[in-house]
Amino acid sequence: MTALLPKAAVAAALALVLARAFMGPPPRRLHPLLTLIAGFVGLIGYPIAVLVAADRHPQLASILLGGAVASMAVAFWAARGPSDDEGDDDDEGPEPPVDWEAFDRERERWDWSATR
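Residues numbered from 1 in each chain as written. Predicted model: local features only at pLDDT ≥ 70, side-chain atom pairs only at ≥ 80, totals over all residues. Heavy atoms only, no water.

The subject of this paragraph is the packing of helix 2 (residues 32-54) against helix 3 (residues 58-79). The geometry of helix 2 relative to helix 3 is characterised by a closest axis approach of 7 Å and an angle of 160 degrees between their N-to-C directions. One element, helix 2, and the other, helix 3, form an angle in the roughly antiparallel class. As for how helix 2 packs across helix 3, the hand of that crossing is left-handed. By residue class, the composition of the contact of helix 2 with helix 3 is 21 nonpolar, five polar and no charged. (Axes fitted to C-alpha atoms, helices over the stretch in contact; angles between N-to-C directions. Helix = DSSP H or I, 4+ residues; strand = E, 2+ residues; numbered from the N terminus. Parallel < 35°, antiparallel > 145°, perpendicular 65-115°, else oblique. Left-handed = near helix turned anticlockwise from the far one by under 90°. Nonpolar A, V, L, I, M, F, W, Y, C, P; charged D, E, K, R; others polar.)

Next comes the structure, spelled out in structure tokens:
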């Protein structure tokens, strides 16, 4: 029973990290450096966990694999944020209304100059 408790704790922690990363709210902005670092750590963690498991250390391999999965989840979460290019239009304010009277004056002037 005592050996089951750490496994259940790791499984619960992974479930929370995955749920937060994929179903939780995205970050307020895109984090490209965090995405890159966490993705790299996660990608490297998988083959290292396989090598450690092949060297007959299954507990350590499980911990490394769990860390790699959590790292990839963080990378996916950080990549969900909006980029800096999006949302900048809000600072400019609303577009001014069309001045139809000025438009009509220009159109009449253009029509008059076209007939000459």
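Take helix 2 next. Taking 1.5 Å of rise per residue, 23 residues should cover 33 Å, and helix 2 covers 34 Å from first to last C-alpha, within 8% of that figure. The sharpest bend along helix 2 comes to roughly 25 degrees, located at Gly-45, with the proline Pro-47 sitting one to four residues further on. The complete set of buried residues in helix 2 reads Ala-38, Gly-39, Gly-42, Gly-45, Ala-49 and Val-52. Check the buried side of helix 2 and you find it contacts helix 3. One or two steps after helix 2, the chain reaches Arg-56, where phi turns positive at roughly 65 degrees. (Expected span 1.5 Å × (residues − 1). Bend = angle between axes of the 7 residues up to and from the residue. Buried < 20%, exposed > 50% of the residue type's maximum accessible area, 1.4 Å probe, protein only. Contact = heavy atoms within 4.5 Å.)

So, on to the environment of Arg-29. By secondary structure assignment, the location of Arg-29 is in the loop between helix 1 (4-23) and helix 2. Looking at Arg-29, the relative accessible area reads 45%, which means it is partly exposed. As a C-alpha pair, Arg-29 and Ala-79 span 50 residues in sequence and 8.9 Å in three-dimensional space.

Mapped onto the elements of the fold, Ser-71 is located in helix 3. Only 3.4 Å separates the side chain of Ser-71 from the backbone nitrogen of Gly-42, close enough to count as a polar contact. The contacts of Ser-71, once residues within four sequence positions are left out, are Ala-38, Val-41 and Gly-42. (Polar contact = N/O pair within 3.5 Å; in protein donor to acceptor, adjacent residues only side chain to side chain.)

The next point concerns a nonpolar patch on the surface. A cluster of nonpolar residues, Leu-33, Ile-37, Phe-40, Val-41, Ile-44 and Ile-48, forms a patch on the protein surface that exposes about 570 Å² of accessible area. On the secondary structure map, Ile-44 appears in helix 2. (Patch = residues over 30% accessible without salt bridge, like charges linked within 9 Å, V, L, I, M, F, W, Y side chains within 5 Å. Areas by Shrake-Rupley, 256 points an atom, 1.4 Å probe, with all protein chains shown as cover. Salt bridge = Lys/Arg side-chain N within 4 Å of Asp/Glu carboxyl O.)

Here we take up the confidence of the model for the protein chain. Summarising the model, the protein chain shows a mean pLDDT of 85, and 84% of its residues fall at 70 or more. Taking the mean pLDDT of every element in the protein chain, the minimum, 81, falls on helix 4 (residues 100-115) and the maximum, 95, on helix 2. (pLDDT = per-residue confidence, 0-100.)

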